[in-house]
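The chain contents come next:
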Amino acid sequence: MPSLTPYPHIIHGCDYNPEQWLHSPEILKQDIELMKQANINSVSIGIFAWAALEPEEGRYELDWLAEIVDRLWENGITSVMATPSGAKPVWMSHKYPEIRRVSASRIRDLQGGRHNHCYTSPVYREKVRAINTKLAERFANHPGVILWHISNEIQGECHCELCQAAFREWLKERYGTLDALNLAWWTSFWSHTYTDWSQIESPAPNGENSIHGLTLDWKRFCTHQTYTFFENEIAPIKAANPNAKVTMNLMGFYDGIDYWKMSKLLDVVSWDCYPAWHTQQDGDETYNAFWADAYSDICRSMLGKPYLLMENTPSQTNWQGICRPKTWGFHRLTAISHLAHGADSIQYFQWRQGRGGAEKFHGAVMTHANRTDTRVFQEVRGLGETLKRLDALCGAKTDAKIAMLYDIESHWAVNDAQGPRNDGIGDNDLMLRMYLPFWTAGYAVDFVSPDMDFSGYHLLCVPMLYLLRNDIAARIRNYVKQGGTVVLTMHTGVVDEHDLCYMGDTPAEGLAELAGIRVLEIDPLYDDEYETLRITKAPFPLAESYRLERLCERITAEGAEVLGVYEHGNPCMPDEMPCLTRNSFGRGTAYYAAAFAEDRFYSDFLLSLAERLGIQPALDTAFPHGVTAQRRTAQDGTAFWFLMNWTREQKAVTLPFALKDYETDKIYQNKLPLPPYGAKILVRAN
Ligand code: GLA
Ligand code: ZN
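Keep in mind it's a predicted model, so treat the numbers as computed, not measured.

Each helix and strand in the chain was counted, giving 17 helices and 26 strands. Radius of gyration (C-alpha) of the chain: 26 Å, near the 26 Å computed for a compact globule of 686 residues. Its C-alpha atoms put the chain at 80 × 75 × 45 Å along the principal axes. Here the analysis covers contacts within the chain between residues at least 6 apart in sequence; of these, 72% occur between residues at least 24 apart. Of the accessible surface of the chain, which amounts to about 26,700 Å², a share of 50% is contributed by carbon and sulfur atoms. Side-chain charges in the chain split into 65 positive and 86 negative, and the spacing between the mean points of these groups amounts to 6 Å.

Next up, the structure:
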């Protein structure tokens, strides 16, 4: 029997919904045999099974689940046991209407859908605690249960009276007095001063939406409420087995709650990855791939260890505008890219297509055809053969020297602000633009929240840190003082943690001094308008000029060296107005990029900077367009290289040293051919 520790193997798994097939025992019997044929070694089970587990209040029926979990385990298939709170049973919803969510416009849901319960309702929390206790008693010490999957894609917010009351309590705790709250929220604006706590209500489209501090605190509160809801979910599991591991499946760049905060409760981070593949007529998938890999890097960075790919489709989804299946061989490429960026699993939504319901046409390993000779089944089986041989990769580390600061609170604040650019301020776009060159050139990047320690990185990128807490500013200054290199950008250090504008020079809290500049004003361009950055002094190879768009901040150098200036076509603007600067601070250096630039700028600038700082990519070679690389180091010291070709063309990579194909043992001395959408796992040849 395989070892019982959570990750002796790369997990090759799927969401499994036997509750939809309890009336067809012959299907359930087939499933296990078919899973073995597909090289599936784990299932995520019970995710939406509440109605089958508790068909009426207090009557629990767990035998069917136990029987399946046992049978799976006897066949070498582990279970990721889910708690069922992602969808509430109909009887519960009718008996306890308070568990149904109320929208921002104060309309209570009818029963239906999923992911739509109230996080505050004591009734729902109690029901969740009770069912989780039953599940934990039965399964928390089961040798086949390797992980707990808490709820599903936890999301959204509820505006019911229970939530409003909890919000007010949370605010009392945070501010102590109404005077303090009124000041922090600047409620004297438009006479929105509160004179009693009971007057405070959550933001609403037909109500209060002009107090940014309120909106920001509401989002913080929703995270807090989700956090305590999650604590309530996991308490019975950890009580039954203190070593039980829990995860939550994240939804990529979903920004409804602060995932950084939630990650503190997780033993392992997992995410559900569904890019809209094959949108480009020329078959170039780099854009989708880099977006997905960026989020994988975020997941890996959250706990500084491998993440799980909890869901991806083996073929197509059912919910995108156009639901194209992954083309021939493409699934293997996407899977290997996840391994490359730190995944210890490849899991699917879903094992088997249901016959009815909203997701009946969603891709699955087993389709309605109920055959194993389908292309998708065979591709899944083939990938499973590869994963079977990759035990050594489990737990392998990524060694990143570059950190990208990603602050969700700043993201909330800058997108809630009215002005300077309501048609897309582009903070996430800027972050991804700064990430793209590193991804393209095969550098490892960690994303860090402001609360994380970034002192060990050689390069820190800080895209548009609009909301700046003073403790973070102090840490950034200190990082540079000690020898670090930081890249700051426009629209940084504008508001404090209450979303109140800083008075005085910006970027505030000493970052102006750090950068040796001062911001004068910010000019948002129309979508079809451009300005130009002219490089006046290149400390490393840069082009003569770059196109600027979206946001052009006018700055003045106060000690910083000017590396580039605006060329704007406006004769009234003073000449030589700085746009790109560099400043020495302590033992380190701060760069300031005042305008949003075209991709080529970030590529030239950031890659030169990385090289200058001696940071190494996964493989020191120039990759042809569409080919990317990453490296992970296994616990025994073995280095694994991953090469991905995101184009429909044959490519070749020049190798700096000989590498061996991990799957075929073939050795490549200096040229390595990569077929269209090909991917390779490699180790050193000797
Ligand atoms: C999400 C959910 C799954 C399923 C898939 C479909 O990720 O977690 O239950 O609905 O989407 O793509
Ligand atoms: Zn509520």
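And the narrative resumes.
A separate point is helix 6 (residues 161–175). A rise of 1.5 Å per residue sets the reference length of helix 6, with its 15 residues, at 21 Å; its end C-alpha atoms lie 21 Å apart and thus fit the reference within 8%. Among the residues of helix 6, those classed as buried are Cys 163, Gln 164, Ala 166, Phe 167, Arg 168, Trp 170, Leu 171 and Tyr 175. On its buried face, helix 6 is in contact with helix 7 (178–185) and helix 8 (212–240). Within two residues after helix 6, Gly 176 carries a phi angle of roughly 75°, on the positive side.

Turning to the coordination of the zinc ion (ligand 2), a few remarks are in order. Those donors, Cys 118 (SG), Cys 158 (SG), Cys 160 (SG) and Cys 163 (SG), are the protein atoms that reach the zinc ion (ligand 2), and they lie 2.3 to 2.4 Å from it. Around the zinc ion (ligand 2) sit 4 donor atoms, and with donor-metal-donor angles ranging over 100 to 115° the site reads as tetrahedral.

Near ligand 1, the surroundings consist of Phe 48, Arg 114, Asn 152, Glu 153, Asp 272, Tyr 274, Glu 311, Trp 319, Phe 349, Glu 359 and His 362. Arg 114 is positioned with one of its side-chain polar atoms (N or O) 2.8 Å from an oxygen atom of ligand 1. Side-chain polar atom of Glu 359 to an oxygen atom of ligand 1: 2.2 Å apart, as the coordinates give it. Protein contacts shield 96% of the accessible area of ligand 1, which totals 310 Å² for the unbound molecule.

Turning next to the domain arrangement of the chain. Taken domain by domain, the chain consists of domain 1 (11–161 + 204–393), domain 2 (402–612) and domain 3 (627–684). The straight-line distance from the C-alpha centre of domain 1 to that of domain 3 is 31 Å. For the pair domain 1 and domain 3, the two sides together bury roughly 2,100 Å², of which 60% comes from carbon and sulfur. It is Leu 333, Ala 340 and Arg 389 in domain 1 that bury the most area against domain 3; as a group they hold 27% of the surface buried on that side. Counting the contacts that link domain 1 with domain 3 gives 2 salt bridges.

On the surface, Leu 183, Trp 186, Phe 189 and Trp 190 cluster together into a nonpolar patch covering about 530 Å² of accessible area. Note on placement: Phe 189 falls in the loop between helix 7 and helix 8. Overall, Phe 189 belongs to the partly exposed group, its relative accessible area being 38%.

It is worth spelling out the sheet that holds strand 20 (residues 627–633) at this point. In space, the 5 strands of this open sheet follow the order 20-21-26-23-24, with antiparallel pairing throughout. The open sheet has two edge strands, strand 20 and strand 24 (667–668), and neither has a second partner. Helix 11 (residues 330–340) rests against strand 20, strand 21 (639–645) and strand 26 (679–684) of the sheet, and its axis sits at about 140° to strand 21.

Glancing now at the packing of helix 6 against helix 8. Direction vectors running N to C along helix 6 and helix 8 enclose 105°, while the axes themselves pass 10 Å from each other. Between helix 6 and helix 8, the interaxial angle falls into the category roughly perpendicular. Contacts between helix 6 and helix 8 involve Cys 163, Ala 166, Phe 167, Trp 170, Leu 171, Arg 174 and Tyr 175 from the former and Leu 214, Asp 217, Trp 218, Arg 220, Phe 221, His 224 and Gln 225 from the latter. For the contact of helix 6 with helix 8, the per-class residue count stands at 9 nonpolar, 2 polar and 3 charged.

Reading across the sheet, the 8 strands line up as 7-6-5-4-3-2-1-8 and stay open at both edges, with parallel pairing between neighbours. Each end of this open sheet is capped by a strand with a single partner; those strands are strand 7 (308–311) and strand 8 (345–348). The mean inter-strand angle of the sheet, taken between neighbouring strand axes irrespective of direction, is 30°. By the bridge criterion, 4 bridges tie strand 5 (residues 246–250) to strand 6 (residues 268–272) in an arrangement that is parallel. Along strand 6, the bridge assignment pairs Asn 249 with Ser 270. Strands in contact with helix 11 are strand 6, strand 7 and strand 8; relative to strand 8, the strand with the most contacts, it is inclined by about 135°.

Moving on: the pairing of strand 2 (residues 42–45). Remember that side chains alternate between the two faces of the sheet whenever the strand is regular. Of the two faces of strand 2, the one carrying Ser 42 and Ser 44 and the one carrying Val 43 and Ile 45 are both buried. Two strands pair when backbone bridges link them, and strand 1 (residues 11–16) and strand 2 are joined in this way by 4 bridges, in the parallel orientation. Each bridged residue has a counterpart across the sheet, and for Cys 14 the counterpart in strand 2 is Val 43. With respect to chirality, the unit in which strand 1 leads through helix 1 (residues 25–37) into the neighbouring parallel strand 2 is right-handed. Alignment of strand 2 against strand 3 (residues 78–82), held across 4 bridges, turns out to be parallel. Counted as the bridge partner of Ile 45 is Met 81 from strand 3.

On to the confidence of the model for the chain. Of the residues in the chain, 99% have a pLDDT of 70 or more, and the chain-wide mean is 97. Taken as a whole, residues 1–5 scores under 50 in pLDDT and shows 7 contacts with residues more than four places along the chain or in a different chain.

Turning our eyes to something else, we now look at the packing of aromatic side chains. To describe a pair of aromatic rings, you give the distance between the ring centres and the angle between the ring planes. The full count for this structure, using the stated rule, is 37 aromatic pairs. Considering the side-chain rings of Phe 167 and Phe 221, the 5.2 Å spacing of their centres and the 50° angle between planes classify their relative orientation as tilted. Taken together, the positions of Phe 167 in helix 6 and Phe 221 in helix 8 put the pair 54 residues apart, joining distant regions of the chain. Residue classification places Phe 167 among the buried positions, given a relative accessible area of 0%. Aromatic side chains Tyr 591 and Phe 605 sit 5.5 Å apart centroid to centroid with 75° between the ring planes, which places their arrangement in the edge-to-face category. Taken together, the residues Tyr 591 in strand 18 (residues 588–593) and Phe 605 in helix 17 (residues 599–612) connect sequence positions 14 residues apart. Taken together, the ring pairs in this structure connect Phe 253, Trp 260, Trp 271, Trp 291, Tyr 295 and Tyr 406 into an aromatic cluster. Above the ring of Trp 328, the side-chain terminus of Arg 375 is found at 4.5 Å from the ring centroid.

Calculation criteria
Residues numbered from 1 in each chain as written. Chains lettered and ligands numbered in written order. Predicted model: local features only at pLDDT ≥ 70, side-chain atom pairs only at ≥ 80, totals over all residues. Heavy atoms only, no water. Helix = DSSP H or I, 4+ residues; strand = E, 2+ residues; numbered from the N terminus. Rg over C-alpha atoms; globule rule 2.2 N^0.38 Å. Contact = heavy atoms within 4.5 Å. Areas by Shrake-Rupley, 256 points an atom, 1.4 Å probe, with all protein chains shown as cover. Lys, Arg positive; Asp, Glu negative; His and termini not counted. Charge placed at Lys NZ, Arg CZ, Asp CG, Glu CD. Expected span 1.5 Å × (residues − 1). Buried < 20%, exposed > 50% of the residue type's maximum accessible area, 1.4 Å probe, protein only. Donors = N, O, S within 2.8 Å, 3.2 Å for Na, K, Ca; no water. Tetrahedral: all angles 85-135°; square planar, octahedral: opposite > 155°, others 65-115°. Near = heavy atom within 4 Å. Polar contact = N/O pair within 3.5 Å; in protein donor to acceptor, adjacent residues only side chain to side chain. Domains from an automatic or database assignment. Buried area = accessible area lost by both parts, 1.4 Å probe. Salt bridge = Lys/Arg side-chain N within 4 Å of Asp/Glu carboxyl O. Patch = residues over 30% accessible without salt bridge, like charges linked within 9 Å, V, L, I, M, F, W, Y side chains within 5 Å. Pairing = 2+ DSSP bridges. Axes fitted to C-alpha atoms, helices over the stretch in contact; angles between N-to-C directions. Parallel < 35°, antiparallel > 145°, perpendicular 65-115°, else oblique. Nonpolar A, V, L, I, M, F, W, Y, C, P; charged D, E, K, R; others polar. Right-handed = clockwise from strand over helix to strand, strands pointing away. pLDDT = per-residue confidence, 0-100. Phe/Tyr/Trp six-rings, centres within 6.5 Å; stacked < 30°, edge-to-face > 60°. Lys NZ or Arg CZ within 6 Å of the ring centre and 35° of its normal.

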